[in-house]
Amino acid sequence: MRERTKEFQIRRVDYKKHFPKGGAALGNLEASLRDTSLEPDLLELVRILASQINGCAYCLAMHTRDARARGENQVRLDTVVAWRETPYFTDREQAALAWCEHLTDLSHLGASNESYARIESLFSAPEVAALTFAIIAINSWNRLAVGLEADVTSLEGVDAPIVSAVSRADAIGEGDQ
């Protein structure tokens, strides 16, 4: 087992160092979302789903940790990715999760009129705008964390045994060259 540190680590370009205004802009967007009428639990569910879709271990670990700390039910966290098949999510949460899927996977799903109509029927116009920005934000964070390889083991409050030394490159076959 390797020794862990709990200082944020990124394996590629450190965006905080080399483009701090970019990280600050996303941070400001996140701060503005806290001033909306959207439920914090709903926002965490959206962040979790987008991170699952995008395969972002760092953000997934962070947002499930944060949701648990807020008192979110573990079964709901375990089934976010299969939300359509469970009775655990409210109408607003279901609409937000569907909108998240559509905006996260634009090339396959697009932003359908049906999905938008459901959002529009359950959320005010300012909430639709804020929810859309929340989805944009988490997708941006996911792309930073996956693209620049944020180290999930450096995330504070996430303590799981490290049982593999396999890197992402090794796992997808790039390490064989």
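The model shown is predicted, which means the values in this text are computed figures rather than measured ones. (Residues numbered from 1 in each chain as written. Predicted model: local features only at pLDDT ≥ 70, side-chain atom pairs only at ≥ 80, totals over all residues. Heavy atoms only, no water.)

Caption draft 1: How the structure looks around the overall build of the protein chain. From N to C terminus, the protein chain includes 10 helices and zero strands. Its helices and strands in sequence order give the protein chain the pattern α-α-α-α-α-α-α-α-α-α, from N to C terminus. In the protein chain, of all internal contacts separated by at least 6 residues, the share reaching a separation of at least 24 is 71%. In the structure as shown, the protein chain presents an accessible area of about 10200 Å², 54% of it carried by carbon and sulfur atoms. (Helix = DSSP H or I, 4+ residues; strand = E, 2+ residues; numbered from the N terminus. Contact = heavy atoms within 4.5 Å. Areas by Shrake-Rupley, 256 points an atom, 1.4 Å probe, with all protein chains shown as cover.)

Caption draft 2: How the structure looks around helix H4 (residues 57–69). Compared with an ideal rise of 1.5 Å per residue, which puts 13 residues at 18 Å, H4 spans 18 Å between its outermost C-alpha atoms and is within 8% of the ideal. Residues of H4 that are buried include every one of Tyr58, Cys59, Ala61, His63, Thr64 and Ala67, and no others. The first or second residue beyond H4 is Gly71, which carries a positive phi of 95 degrees. (Expected span 1.5 Å × (residues − 1). Buried < 20%, exposed > 50% of the residue type's maximum accessible area, 1.4 Å probe, protein only.)

Caption draft 3: Up close: the confidence of the model for the protein chain. Taken as a whole, the protein chain shows an average pLDDT of 88; of its residues, 89% reach a score of 70 or greater. Predicted confidence is poor over residues 1–5, with pLDDT under 50, and the contacts of this stretch with residues over four places away or in other chains come to 14 contacts. (pLDDT = per-residue confidence, 0-100.)

Caption draft 4: The arrangement of the state of the cysteines in detail. Evaluation of the coordinates by the stated rule reveals zero disulfides. Free cysteine Cys59: the closest other cysteine sulfur is in Cys56, separated by 3.4 Å. (Disulfide = S-S within 2.5 Å.)

Caption draft 5: The environment of Val128, seen in detail. Along the chain, Val128 falls in helix H9 (residues 125–147). Owing to a relative accessible area of 8%, Val128 belongs among the buried residues under this scheme. Put simply, Val128 and Trp99 are 29 residues apart on the chain and 9.7 Å apart in space, counted from C-alpha to C-alpha. If we ignore the near neighbours within four places in the chain, the residues touching Val128 are Tyr116, Ile119, Glu120 and Phe123.

Caption draft 6: Main features of the nonpolar core. Among the nonpolar cores identified, the biggest contains 37 residues, and Val46, Val80, Leu97, Ile119, Phe123, Leu131 and Ile135 are the most heavily contacted of them. Elements supplying a minimum of two residues to this core: helix H3 (40–54), H4, helix H6 (91–104) and H9. When sequence neighbours within four positions are dropped, the list of residues in contact with Ile135 reads Val46, Trp99, Cys100, Leu103 and Thr104. (Core = buried A, V, L, I, M, F, W, Y, C linked by side-chain atoms within 4.5 Å.)

Caption draft 7: Main features of the packing of H3 against H4. One can describe the packing of H3 onto H4 by two numbers: an axis separation of 9 Å at closest approach and a directional angle of 155 degrees. By the angle class used here, H3 and H4 are roughly antiparallel. Considering how the two elements wind past one another, H3 and H4 form a crossing that is left-handed. Mapping the contact onto sequence places Glu44, Arg47, Ile48, Ser51 and Gln52 in H3 and Cys59, Leu60, His63, Thr64, Asp66 and Ala67 in H4. Among the residues forming the contact of H3 with H4, the class breakdown is four nonpolar, four polar and three charged. (Axes fitted to C-alpha atoms, helices over the stretch in contact; angles between N-to-C directions. Parallel < 35°, antiparallel > 145°, perpendicular 65-115°, else oblique. Left-handed = near helix turned anticlockwise from the far one by under 90°. Nonpolar A, V, L, I, M, F, W, Y, C, P; charged D, E, K, R; others polar.)

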